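# Descriptive structure summary
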Amino acid sequence: KAWLVRASCEPEEMRMEEIDLPQPGKGQVRIRNYAAGVNFADLLLVQGKYQSARPFPFIPGAELAGVVDAVGEGVEGLAAGTRVMAMTDLGTFAEYSLAHAARVLEIPDALGFDEAASVIAYHTSYYALDRARLAAGECLLVHAGASGVGMTAIQMGKALGATVIATASSAEKLEYCRAQGADHAISYTAANWVEEVKKITPRGVNVIYDPVGGDVFDLCTKCIAPQGRILVIGFASGRIPSIQVNRLLLKNCDVIGIWWGSYVEKNAAYFRATHAALMEWFQSGKICPAVSKTFCFENAPQALREMASRKTLGKTAVVI
């Protein structure tokens, strides 16, 4: 069984269908799925609003955790029955998925399937903060800190020794940000959020992590420090912003685009190197995957709808 998208639609218009069991090709692994991570990109793909598209029909989802079921030609070191997590563009809202062996990783004993299916989100933040050269003692502003990627950025910012300011849209979400390690939490729906940031760090923040875009991005240059770095993660607000480049000149600041998936397609070794670093942080307690809610397989459309309605905290997962 799999959830299929046959044309751009709302989550409720997806259909669960019986499909043929996928057969692993050369260099591929078939995985019996136990959990699938839920991401905002999945929602945008279903709605036809993502920056890249998949050919119809497609299965939504990109993060999974499960057990190796079969391997294709040339795959070594991944025997049937091995607990694994994976990233795949072949869809994860299904009972079985295919993934390229280079994107399949063993799950540490301490991680459950739902947590493991959420670990891949940390790769985006690792890549982003690596590109930003975030250093101990600097100040990091994380927008949408209660989102799946925002939560990972808060935890990783603290692990790197930064002072972390998080923004969110409600009192509940602000408290969630503090629980993830944020030193300060501010509502970005307030008209004066830039002034609140400046009270904390009058010189401005060194790095801004922005998965929201829209009006939030428009104000980022007002609180970025000289030689600061603004990370463009995504556009959850629905509006892709533009910027007056003279603002970059005046602050000597950088705007850095972050599309992790595209980068690792061309730099396969980076994926495993990143994961090794993340697992060291996990084992030392510096990061901890926080899955706040799980949905049964039959309720996958509801998982996407709650994400669209901004009702989720941190990571959510579909349990299969």
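Note: the structure precedes this text.
Below you will find a few notes about this structure. (Residues numbered from 1 in each chain as written. Predicted model: local features only at pLDDT ≥ 70, side-chain atom pairs only at ≥ 80, totals over all residues. Heavy atoms only, no water.)

## Examining empty space enclosed by the protein
We count it as follows: A cavity, in this analysis, means grid points on a 1 Å lattice covering only the protein atoms where a 1.4 Å probe fits yet has no way out; a pocket is instead an open set bounded by protein on both sides within 12 Å along at least five of seven lines, and a residue lines either one if it has an atom within 4 Å of a point. Grid points are joined across faces, edges and corners, and a volume is the space filled by probe spheres set on the points. Helix numbering and strand numbering both begin at the N terminus, where a helix is a DSSP run of H or I of at least 4 residues and a strand a DSSP run of E of at least 2. We call Asp, Glu, Lys and Arg charged. Ala, Val, Leu, Ile, Met, Phe, Trp, Tyr, Cys and Pro are nonpolar, and the rest, Gly among them, are polar.
A complete count under the given rule lists 1 cavity of 30 Å³ or more for this structure. What the largest cavity holds in volume is close to 30 Å³. Taken together, V119, Y122, L278, M279, F282, I287 and P289 make up the full set of residues lining the largest cavity. Among the elements that make up the lining of the largest cavity, the one with the highest residue count is helix α10 (residues 268-283) (3 residues). In the lining of the largest cavity, the residues fall into 7 nonpolar, no polar and no charged.

## Re the packing of helix α1 (residues 40-47) against helix α11 (residues 300-308)
Spelled out, the test is: Lines fitted to C-alpha atoms define the axes here, with helix axes fitted over just the stretch in contact, and angles between the N-to-C directions of these axes take values from 0 to 180 degrees. Reported orientations rely on four angle classes, namely roughly parallel under 35 degrees, roughly antiparallel over 145, roughly perpendicular from 65 to 115, and oblique for the rest. Pairs of residues are marked as contacts when any of their non-hydrogen atoms sit within 4.5 Å.
Relative orientation of the contacting elements α1 and α11 amounts to 105°, with a least axis distance of 9 Å. When the axis of α1 is compared with that of α11, the two are roughly perpendicular. Here F40, D42, L43 and V46 of α1 lie close against α11, whose contacting residues are L304, M307 and A308.

## Regarding the pairing of strand β9 (residues 163-168)
For the record, the criterion: For every residue, the accessible area obtained with a 1.4 Å probe (protein chains only) is divided by the maximum for its type, and the residue is called buried under 20%, exposed over 50%, and partly exposed between those limits. For two strands to be treated as a pair, DSSP must find no fewer than two bridges joining them. Note on handedness: a clockwise path from strand one over the helix to strand two, with the strands aimed away from the viewer, defines a right-handed crossover.
Most of β9 is tucked away, with 5 of its 6 residues classed as buried. Pairing analysis gives 4 bridges linking strand β8 (residues 139-142) to β9, with the strands arranged parallel. In the sheet register, V142 faces β9, and the bridge partner there is A166. Crossover connection from β8 via helix α4 (residues 148-159) to parallel β9: handedness right-handed. Alignment of β9 against strand β10 (residues 184-187), held across 4 bridges, turns out to be parallel.

## Points about the pattern of salt bridges
Put simply, the rule is: By salt bridge we mean one thing: a side-chain nitrogen of Lys or Arg within 4 Å of a carboxyl oxygen of Asp or Glu.
Inspection of the entire model under this criterion finds 12 salt bridges. Linked through salt bridges whose partners overlap, the residues forming this network are E10, E12 and R305.

## What about helix α5 (residues 171-179)?
Heads up, the rule is: Relevant arc is that of directions from the helix axis to the C-beta atoms, nothing else.
Along α5, the residues that are buried comprise K173, L174, Y176 and C177. Buried residues along α5 cover an arc of 155° about the axis, so they all sit on one side. For α5, exposure combined with an orientation more than 90 degrees from the buried face picks out A171, E172 and A179. Buried residues belonging to α5 abut α4, β9 and β10. With its phi angle positive at about 120°, G181 sits one or two positions after the end of α5.

## Some details on the side chain of H143
Assignment of secondary structure puts H143 in the loop between β8 and α4. Since its relative accessible area comes to 0%, H143 is described here as buried. In contact with H143, other than residues within four places in its own chain, are T167, W193, I208, Y209, D210, P211, V212, V216 and C220.

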